[in-house]
Amino acid sequence: MPGAIGPRAGGARSLYRRILLLHRALPPALRELGDRYVKEEFRKHKAAGPAEAQRFLREWENYAALIWQQINDDKQSSRKKAVFGIQLTEEKLNDFRDEQIGQLKELMDEATKPKQKITISEDSEHKS
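Read on for an overview of the structure. (Residues numbered from 1 in each chain as written. Predicted model: local features only at pLDDT ≥ 70, side-chain atom pairs only at ≥ 80, totals over all residues. Heavy atoms only, no water.)

### Some words on the pattern of salt bridges
Reasoning step 1: Taken as a whole and judged by the stated rule, the model has seven salt bridges.
Reasoning step 2: A salt bridge links Lys-44 to Glu-41, with the nearest nitrogen and oxygen atoms 3.7 Å apart. Of this pair, Lys-44 and Glu-41 are both found in helix H2 (residues 28–44), three residues apart, which corresponds to roughly one turn of the helix.
Reasoning step 3: Among the salt bridges present, the one from Lys-105 reaches Asp-109, with a minimum N-O distance of 3.0 Å. Of this pair, Lys-105 and Asp-109 both sit in helix H5 (residues 98–111), four residues apart, roughly one helical turn.
Reasoning step 4: Shared partners join several salt bridges into a network, and the residues in it are Glu-40, Glu-41 and Lys-44. (Salt bridge = Lys/Arg side-chain N within 4 Å of Asp/Glu carboxyl O. Helix = DSSP H or I, 4+ residues; strand = E, 2+ residues; numbered from the N terminus.)

Written out as structure tokens, the structure is:
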């Protein structure tokens with residue numbers, strides 16, 4: 001596997017699997033969204049240069065640690081609704097490239113999209 005993630009492929013693969021396992025504890029809609037995003041991001045960074053790959057993996061390690069902590073906190077909490085994720089600081093947002101800001105907006109739009117309701121009308125019954 002070429003690229004900077006290649007030599008650490010075992011580490012990247014292990015991190016990828018660990019994140020997908022952690023996502024199993026999330027609510028179904030959040031899990032689906034998270035899994036899709038993780039798969040896309042890891043695929044995009046297969047051929048990243050060494051510096052970018054190191055930063056990429058470090059950020060995903062931080063994410064995995066945060067989600068693990070929040071899952072454990074939720075198990076021990078009596079709150080009715082679990083809280084996952086963090087508020088990004090302005091400093092952190094300023095570090096993002098325009099492409100990353102676009103991805104973040106797409107992710108936010110997807111996460112806040114109203115749930116679709118499927119209705120079946122009487123006219124759609126199967127007629128023989």
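### Observations concerning the layout of surface pockets
Reasoning step 1: In this structure, the largest pocket occupies an estimated 1,600 Å³ of space.
Reasoning step 2: Surrounding the largest pocket, 43 residues form its lining, Tyr-37, Tyr-63, Leu-88, Leu-104 and Leu-107 being those nearest its centre.
Reasoning step 3: Listing elements by their share of the lining of the largest pocket, those giving two or more residues are H2, helix H3 (50–76), helix H4 (90–95) and H5.
Reasoning step 4: When grouped by side-chain class, the residues that make up the lining of the largest pocket number 23 nonpolar, nine polar and 11 charged. (1 Å grid on protein atoms, 1.4 Å probe; cavity = no way out; pocket = protein on both sides within 12 Å on 5 of 7 lines; lining within 4 Å. Points joined across faces, edges and corners; volume = space filled by probe spheres on them. Nonpolar A, V, L, I, M, F, W, Y, C, P; charged D, E, K, R; others polar.)

### Quick word on the nonpolar core
Reasoning step 1: Of all hydrophobic cores here, the largest spans 13 residues; its most connected members are Leu-15, Ile-19, Val-38, Phe-42, Leu-57 and Trp-60.
Reasoning step 2: Every element with two or more residues in this core is listed here: helix H1 (9–23), H2 and H3.
Reasoning step 3: Top element by residues in this core is H3. It accounts for six residues.
Reasoning step 4: Ignoring any residue separated from it by four or fewer positions in sequence, one finds Phe-42 in contact with Ala-12, Leu-15, Tyr-16, Ile-19, Phe-56, Leu-57 and Trp-60. (Core = buried A, V, L, I, M, F, W, Y, C linked by side-chain atoms within 4.5 Å. Buried < 20%, exposed > 50% of the residue type's maximum accessible area, 1.4 Å probe, protein only. Contact = heavy atoms within 4.5 Å.)

Geometry only, nothing functional implied.
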